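# Observations on the model geometry
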Amino acid sequence: MAERLLEIEDLSVGFPAADGGWTLVVREASFHVDRGEMVGLVGESGSGKSLTALAVLRLVPPPGRILGGSVRLAGTELLDLPERAMRRVRGARVGLVFQEPMTALNPVFTVGFQIVEAVRVHRSVGRREAREEAAHLLERVAIPDARSRLDDYPHQLSGGQRQRVMIAMALAARPELLIADEPTTALDVTIQAQILELLDSLRSELGLTILLITHDLAVVAETCDRVAVMYAGEVVETAASRDLFRRPDHPYTRGLLAALPRLGHRAADRRLATIPGQVPEPGDLPSGCPFHPRCPQALGECSELRPVPRETGAGRSVRCFLHGGLEEAAALRRARAVAEETTS
């Protein structure tokens, strides 16, 4: 049985609302990452993917707050750790590759200086040894003439090279888990493929476990073992990648896959499928299932009650009434009706 390295269960993250309560941006999200695998966390912009990743490291920007749930790394509950112990997790056990390397890298220091500092923060080595390690890391992420590039500033590197530097910095402390947040977003297609190939090769060489955050299902199909799909702050489906692409269970996942362009279609069939409507704002979610106003298969229960995740096969789960839970929903509706009659 595979060893679970990262387990996220019922994680909720919110920001203060005008009425004094909380607006949930991540709602009871649950998924796991087994040691040695690459898992894709997929969703549209604003679905809560990046905030989920920041919550793993307890780096939710204030005034946001983790409001509930569990985040376990190799069995250790990260949400209960003192801040000093949590600092030893960040970088040392969990590395983070940011989406925009030009903003993540400091423009006034050379990339070598920044990698050296990352090495020395987590390892007791001198500056000369740290510089040797920095050169080795640049070689490992396939930057040509790595030793001479240590003295370059970020603006002297291409977008793909800057992203490779970010990966090198994330690997400086030899972490168990690497979280890559949209690592190919600002790159052209050829460089995207190179970065994804690099991540996959590093996983094999170093025994890394990778959580890849992306909005691109094609990236997931190419690189990931399993996938978790997010919509409006919820994880609505989890499955092995091959199973998800072969038979998606959630209507939202089916809509995303239908919208992918395909080669070989006739000109008359080239109009891309779309999902009607828009993703709701976190502070203005509809009642029941947040996807029901856009869902072509919505049931009556969907507008009133929120489905819970249900297993639909080995390693698969889906949050949708189309896959069970209608009896429980009907019982809940009857209980609510009785309660309303009693109070009236």
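Everything below is about the structure shown above.
The notes below deal with the structure included here. In this text, all values refer to a predicted model and were calculated from it rather than measured experimentally. (Residues numbered from 1 in each chain as written. Predicted model: local features only at pLDDT ≥ 70, side-chain atom pairs only at ≥ 80, totals over all residues. Heavy atoms only, no water.)

### Notes on the overall build of the protein
To keep things clear, this is the line we draw: Numbering of helices and strands runs from the N terminus, with a helix taken as a DSSP run of H or I at least four residues long and a strand as a DSSP run of E at least two residues long. Radius of gyration means the value over C-alpha atoms here, while the globule rule gives 2.2 Å times the residue count to the 0.38 power.
Of the regular secondary structure elements, the protein holds 12 helices and 12 strands. For a compact globule of 344 residues, the expected C-alpha radius of gyration is about 20 Å, and the protein comes in at 22 Å, within 12% of that figure. Overall, the protein is about 75 × 60 × 45 Å in size when its C-alpha atoms are taken along their principal axes.

### Topic: a nonpolar patch on the surface
Under the convention used in this document: To count toward a patch, a residue needs a relative accessible area above 30% and no salt bridge. Like charges then connect within 9 Å, nonpolar side chains (Val, Leu, Ile, Met, Phe, Trp, Tyr) within 5 Å. Only the protein chains shown count as cover for residues, with accessible areas throughout obtained via the Shrake-Rupley method and a probe of 1.4 Å. A pair is scored as a salt bridge if a Lys or Arg side-chain nitrogen falls within 4 Å of a carboxyl oxygen belonging to Asp or Glu.
On the surface, Val108, Phe109 and Phe113 cluster together into a nonpolar patch covering about 260 Å² of accessible area. Assignment of secondary structure puts Phe109 in the loop between helix H3 (101-104) and helix H4 (111-122).

### Concerning the sheet that holds strand E9 (residues 226-231)
Backbone hydrogen bonds hold the strands of a sheet together, and the pairing may be parallel or antiparallel. Condition: Pairing between strands is defined by DSSP: at least two bridges between them are needed. Axis lines are fitted to C-alpha atoms, over the contacting stretch for helices. Their N-to-C directions set the angle, which ranges from 0 to 180 degrees. The criterion used for residue contact is that any of the two residues' heavy atoms lie within 4.5 Å.
Spatial strand order, E6-E7-E8-E3-E9-E10-E12-E11: eight strands in an open sheet with mixed pairing. Since the sheet does not close on itself, it has two edges, and those belong to strand E6 (94-97) and strand E11 (310-313), each with one partner. Recorded for the sheet is a direction-independent mean angle of 20° between the axes of neighbouring strands. Here strand E3 (residues 38-42) pairs with E9 via four bridges, running parallel. Considered in E9, the bridge of Leu41 is made with Ala228. Across the sheet, helix H7 (residues 159-170) touches E6 and strand E7 (177-181), and the angle it forms with E6 is around 170°. Seen against the sheet, helix H11 (residues 251-258) touches E9 and strand E10 (234-240) and runs at an angle of roughly 105° to E9.

### Points about the side chain of Glu37
Just so we agree on the cut-off: Whenever two N or O atoms come within 3.5 Å, that pair is a polar contact, provided that in protein one can donate a hydrogen and the other can accept it, and provided that, for residues adjacent in sequence, both atoms are side-chain atoms.
The residue Glu37 is located in the loop between strand E2 (22-34) and E3 in this model. For Glu37, the side chain forms a polar contact with the side chain of Arg226, separated by 2.7 Å. Sequence-distant contacts of Glu37, that is, excluding residues within four places in its chain, are made with His32, Arg203, Thr209, Ile210, Asp225 and Arg226.

### As for the nonpolar core
To keep things clear, this is the line we draw: Think of a nonpolar core as a cluster: buried Ala, Val, Leu, Ile, Met, Phe, Trp, Tyr and Cys residues, connected wherever their side-chain atoms sit within 4.5 Å. Only protein chains enter the accessibility calculation, which uses a 1.4 Å probe; a residue is then buried when its area is under 20% of its type maximum, exposed when over 50%, and partly exposed in between.
Leu138, Ile167, Leu199 and Leu212 are the most contacted members of the largest nonpolar core, which has 56 residues in total. When neighbours within four sequence positions are excluded, Ile167 is seen to be in contact with Val97, Val141, Ile195, Leu198, Leu199 and Leu202. Core analysis: the next-biggest nonpolar cluster, separate from the first, contains 32 residues, Leu5, Leu11, Ala53 and Leu211 among them.

### A look at the packing of aromatic side chains
Where we set the bar: Note on ring pairs: Phe, Tyr and Trp rings are taken, using the six-membered ring of Trp, and paired if centres are within 6.5 Å. Classes follow the plane angle, with under 30 degrees stacked, over 60 edge-to-face and the rest tilted.
Considering all chains together, one arrives at four aromatic pairs under this definition. Ring centres of Tyr252 and Phe291 lie 5.4 Å apart, and the angle between their planes is 65°; on these two criteria the pair is classed as edge-to-face. Of this pair, Tyr252 sits in helix H11 while Phe291 sits in the loop between H11 and E11; the two residues are 39 residues apart in sequence, bridging distant segments of the chain. A residue is classified by how much of its surface remains accessible, and Tyr252, at 0% relative accessible area, is buried. Here the aromatic cluster, defined as three or more aromatic residues joined through ring pairs, consists of Tyr231, Tyr252 and Phe291.

It is worth stressing that arrangement in space is one thing and function is another; only the former is reported here.
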